[in-house]
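If you want the building blocks of each chain, they are given just below.
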2 protein chains.
Amino acid sequence: MTTSDRERQVLDRIEQTRRRRPKVREERITLAHGAGGKATQTLVEAVFLEAFRNPVLEPLDDAAALEIGLSRVAVTTDSFVVTPLFFPGGDIGHLAVNGTVNDLAVSGARPLYLTAGFILEEGFPVADLMRIVTSMREAADAAGVHVVTGDTKVVQRGKGDGCYVNTSGIGVVEHAWRLGAHHVRPGDAVIVSGPIGDHGITIMLARGDLGIESDLESDTAPLHDLVAALLEVAPGVRMMRDATRGGVATVLNELARAAEVSVVLEEDAIPVRPEVRGAAELLGIDPLYVACEGRFVAVVEEAQAGQAVEALRAHPLGAQAAVIGRVGEAPAGLVLLKTAFGGTRICDVLVGDPLPRIC
Amino acid sequence: MTTSDRERQVLDRIEQTRRRRPKVREERITLAHGAGGKATQTLVEAVFLEAFRNPVLEPLDDAAALEIGLSRVAVTTDSFVVTPLFFPGGDIGHLAVNGTVNDLAVSGARPLYLTAGFILEEGFPVADLMRIVTSMREAADAAGVHVVTGDTKVVQRGKGDGCYVNTSGIGVVEHAWRLGAHHVRPGDAVIVSGPIGDHGITIMLARGDLGIESDLESDTAPLHDLVAALLEVAPGVRMMRDATRGGVATVLNELARAAEVSVVLEEDAIPVRPEVRGAAELLGIDPLYVACEGRFVAVVEEAQAGQAVEALRAHPLGAQAAVIGRVGEAPAGLVLLKTAFGGTRICDVLVGDPLPRIC
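These numbers come from a predicted model, not from an experiment.

Enquirer: What is the right way to read the pairing of strand 6 (residues 146-155) of chain B from this model?
Expert: All names here are of chain B. Of all the 10 residues making up strand 6, eight are buried; the element is thus mostly covered by neighbouring parts of the structure. Pairing analysis gives nine bridges linking strand 5 (residues 110-121) to strand 6, with the strands arranged parallel. Bridge pairing in strand 6 links Y113 to H146. Handedness of the crossover joining strand 5 and strand 6 through helix 4 (residues 126-143) is recorded here as right-handed.

Enquirer: Just checking my understanding: could you explain the side chain of R295 of chain A for this structure?
Expert: All names here are of chain A. Assignment of secondary structure puts R295 in the loop between helix 8 (274-283) and strand 11 (296-300). From its side chain, R295 meets the backbone oxygen of P195 in a polar contact 2.8 Å long. In contact with R295, other than residues within four places in its own chain, are S193, G194, P195, D198, D219, L223, D242, A243, R273 and L317.

Enquirer: Please clarify how the sheet that holds strand 10 (residues 262-266) of chain B should be interpreted in this entry.
Expert: Strands pair in a sheet through their backbones, by hydrogen bonds, and they do so in one of two ways: parallel or antiparallel. Residues and elements named next belong to chain B. The strand order across the open sheet formed by seven strands is 9-11-8-12-10-13-14, and the pairing between neighbours is mixed. With one partner strand each, in any of the chains shown, strand 9 (237-242) and strand 14 (344-346) form the two edges of the open sheet. The average undirected angle you get between the axes of adjacent strands in this sheet is 25°. Seen against the sheet, helix 6 (residues 224-233) touches strand 9 and strand 11 (296-300) and runs at an angle of roughly 170° to strand 9.

Enquirer: Which parts of the structure should I look at to understand the relation of the copies chain B and chain A?
Expert: Comparison of the two chain copies shows a relationship of rotation about an axis with a shift along it. For the pair chain B and chain A, the superposition axis carries a translation of 0.0 Å, the fit reaches an RMSD of 0.0 Å, and the rotation angle comes to 180°. Expressed as a symmetry operation, the mapping of one chain copy onto the other fits a two-fold axis. Taking C-alpha positions as the reference, the residue of chain B nearest the rotation axis is G160 of chain B, at 2.2 Å. A shared binding surface is used by both copies, with 100% of the interface residues of chain B retained as interface residues in chain A.

Enquirer: Can you walk me through the pairing of strand 1 (residues 64-68) of chain A in this structure?
Expert: Each regular strand carries side chains that alternate between the two faces of the sheet. Alternating positions in strand 1 of chain A separate cleanly, A64, L66 and I68 of chain A being buried on one face and A65 and E67 of chain A remaining unburied on the opposite face. What sits between strand 1 of chain A and strand 2 (residues 71-80) of chain A in their antiparallel hairpin is a turn of two residues, with G69 of chain A showing a positive phi close to 60°.

Enquirer: Looking at this structure, I do not really get the domain arrangement of chain A. What am I missing?
Expert: Many analyses report the size of an interface as the accessible area lost when the parts associate. Residue and element names in this part refer to chain A. Per the domain assignment, the segments making up chain A are domain 1 (1-54), domain 2 (63-174) and domain 3 (181-346). For domain 2 versus domain 3, the distance between C-alpha centres works out to 24 Å. Facing 19 residues of domain 2, the contacting portion of domain 3 comprises 19 residues. Interface area, domain 2 with domain 3, both sides summed: about 1600 Å², of which 64% is carbon and sulfur. Considering only the surface of domain 2 that becomes buried against domain 3, P88, N102 and V106 emerge as the three largest contributors, covering 33% of it. Taken together, domain 2 and domain 3 are joined by zero salt bridges. At the boundary of domain 2 with domain 3, the tally comes to six residue pairs in polar contact (both at pLDDT 80 or more). Elements represented by at least two residues in the side of domain 2 that touches domain 3 include exactly helix 3 (92-106) and helix 4 (126-143). Top contributing element to the side of domain 2 that touches domain 3 by residue count: helix 3, with nine residues. Partitioned by chemical class, the residues of the side of domain 2 that touches domain 3 number 11 nonpolar, seven polar and one charged.

Enquirer: For this particular structure, what's the right way to read the pattern of salt bridges?
Expert: When charged atoms on two side chains of opposite charge get close, those side chains can pair. Residues and elements named next belong to chain B. In this structure the tally under the stated criterion is 34 salt bridges over all chains. Note that R53 and E50 form a salt bridge whose closest N and O atoms lie 2.9 Å from each other. A salt bridge links R110 to E174; its shortest N-O distance comes to 2.8 Å. You can see R110 sitting in strand 5 and its partner E174 sitting in the loop between strand 7 (163-172) and strand 8 (189-192), a full 64 residues away along the chain. A relative accessible area of 42% places R110 in the partly exposed class.

Enquirer: Where do I start with unusual backbone geometry in this structure?
Expert: Negative phi is the rule for most residues except glycine; trans is the rule for most peptide bonds. Residue and element names in this part refer to chain A. Each neighbour pair has its own omega, and for T83 with P84 the value is 0°, a cis peptide bond. Checked against the element boundaries, P84 lands in the loop between strand 2 and strand 3 (86-87). Each neighbour pair has its own omega, and for A330 with P331 the value is -5°, a cis peptide bond. Structurally, the position occupied by P331 is in the loop between strand 12 (322-328) and strand 13 (335-338).

Enquirer: Honestly, the environment of T244 of chain B in this entry has me stumped. Any pointers?
Expert: Residues and elements named next belong to chain B. With respect to the secondary-structure elements, T244 resides in the loop between strand 9 and helix 7 (247-259). Considered as a pair, T244 and I196 are 48 residues apart in the sequence and their alpha carbons are 9.9 Å apart. What T244 contacts, discounting residues up to four positions off in sequence, is A291, C292 and E293.

Enquirer: Help me understand the nonpolar core in this model?
Expert: When a protein is soluble and globular, its nonpolar side chains tend to lie buried together. Within the largest apolar cluster, 85 residues are counted, with the highest numbers of intra-cluster contacts made by F118, L129 and L288 of chain A. The residues touching F118 of chain A, leaving out its near neighbours within four places in the chain, are L129, V133, M136, D151, T152, K153, C163, Y164 and V165 of chain A together with F48 of chain B. L49 of chain A together with V184, M239 and V248 of chain B belong to the second-largest nonpolar core, a separate cluster that totals 84 residues.

Conventions and cut-offs
- Residues numbered from 1 in each chain as written.
- Chains lettered and ligands numbered in written order.
- Predicted model: local features only at pLDDT ≥ 70, side-chain atom pairs only at ≥ 80, totals over all residues.
- Heavy atoms only, no water.
- Buried < 20%, exposed > 50% of the residue type's maximum accessible area, 1.4 Å probe, protein only.
- Helix = DSSP H or I, 4+ residues; strand = E, 2+ residues; numbered from the N terminus.
- Pairing = 2+ DSSP bridges.
- Right-handed = clockwise from strand over helix to strand, strands pointing away.
- Polar contact = N/O pair within 3.5 Å; in protein donor to acceptor, adjacent residues only side chain to side chain.
- Contact = heavy atoms within 4.5 Å.
- Axes fitted to C-alpha atoms, helices over the stretch in contact; angles between N-to-C directions.
- Least-squares fit on C-alpha atoms with pLDDT ≥ 70 in both.
- Domains from an automatic or database assignment.
- Buried area = accessible area lost by both parts, 1.4 Å probe.
- Salt bridge = Lys/Arg side-chain N within 4 Å of Asp/Glu carboxyl O.
- Nonpolar A, V, L, I, M, F, W, Y, C, P; charged D, E, K, R; others polar.
- Core = buried A, V, L, I, M, F, W, Y, C linked by side-chain atoms within 4.5 Å.

In structure tokens:
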């Protein structure tokens, strides 16, 4: 295929994407609509983006980039419905703070303030609420953010599940960093900041359905400091995303689609703890699709990949950071995995919800 | 009682309040914890304020006042769990936008941006979601705000109630207005921007339990424009609050307590529609405790009360605005109602939840 053929192909695909008006085919909401994969994407584009369309929302980034007066401000929101509420390594309170702090951090913002909205079910133990709120305070202190306003609603027994938490986050963008999928170029290195899937597998094990005992803990952690360490040594960072719902594979599929590039991963290079690999095999899911709550994916200019990984590894939260693949030109929109056995397979967008209510 | 006796009494009460460490006595969350009254107040102070305490959160205002760079920014959050989702005059989508817009407006901020977080129950009709989202867009357009980021979670059947919506709002404070309970002084006029209780009674009637037919509609509306009209003619506005959960009586009780003043209301002066009065009597509740979603209470320097009411009445949303009472010195912390029959009774803080899930 000549270069102009390839260019034409890319342009065609962009045009197709533009013309495509996504439509939710289901009449009713299913768990898959909350899984972060294909169904979520369609719901977001067909319902939310169609209704609310505006230039700030349109990129569908984790955080919205606003200009208020002379300040560049990043804003994000997330609801947390994880079950169980308490699990090894954390609880819904830690997640609610770290998740929102991380959405700000990977957008290049310094997290400053959080809002906290609680939907409590009648009968929920006040002691559990205090435990969750104490975790939130600890996590907020660790991330250097303040909870500045909040709201509490109570619903009748059977109309909730103990406690749901929403946090919105506000951060300030102090650097001239311009990050986003549209800055990604073929040849760039794809980096993950640590072993993947710990959080999702911990939640599945905590539910007890598998009957496996393990020392595994959620990786829930605030990433602002690790991100700052990376940005300091590698101004060639193109984009960052924390790999939550849908895992690393979902982040990379969204990237491949948005940037009209391919991503080629080396299976051997992807850090996965043996316990995670084992449990994932039993569950019949690929760790690449399992949520992390303290890991991010960064795409970095190839020439700076070495120093980027070095900087990440020098930080306690990035000790196992690794280059896991490269951005390519074609086939645009696809994520490919080179397996340990020398084969290549497509890592498609997640369909269905193998791990409901993981965050 | 001499002036110095009175002053001593006020100082004592302030000291008592300072020393009092509120404690949640219940072991489990009840509907009253979400009603906006006494139980909510205790929960907020004993659990949330204790854990998150910081100077921005401490006033427990509807919106937090932040400084980001050189900009003064107001931030607020609210979850909406109203049932039914659709009711005469609006739906959960209208409420979710107007409620947050109004929290910003009454804090003196110009509403700019919203976030939107959805918690959907498996099986919820996609058509209903589209209807809600369309309402949100209409309400956002009417209020001149943009939805800039969002989140969707799905919970299993029986773990939610169709659709819960959280919105956080960001506004900019462009004027030198300094508003808040601590600016309120004895002698100030208490104004309400229109007839009270329409929203709460509409919701109760929409549930069908009373078997009453009525043309009543929710008053859900964005108040930013009405607030701007007021501030333009009355720089002597001391504080404003939208009278949602717990109604006008709850707003005034919080004011009386925070400012260590009394509030004396004239029953005859309070605008209440006959249908609202009738239904409230059947339900055994006082309209003063019934939620509005498009009315606010303003405390205004006495000398400007006339022009304030005039400006409100000139606006379609304030046609029935009225002075309903005065701020006094003693008994500090209490709201008193002078009844039509010449008696006086205490309008105490709401206990229990006569109207669960009204917003």
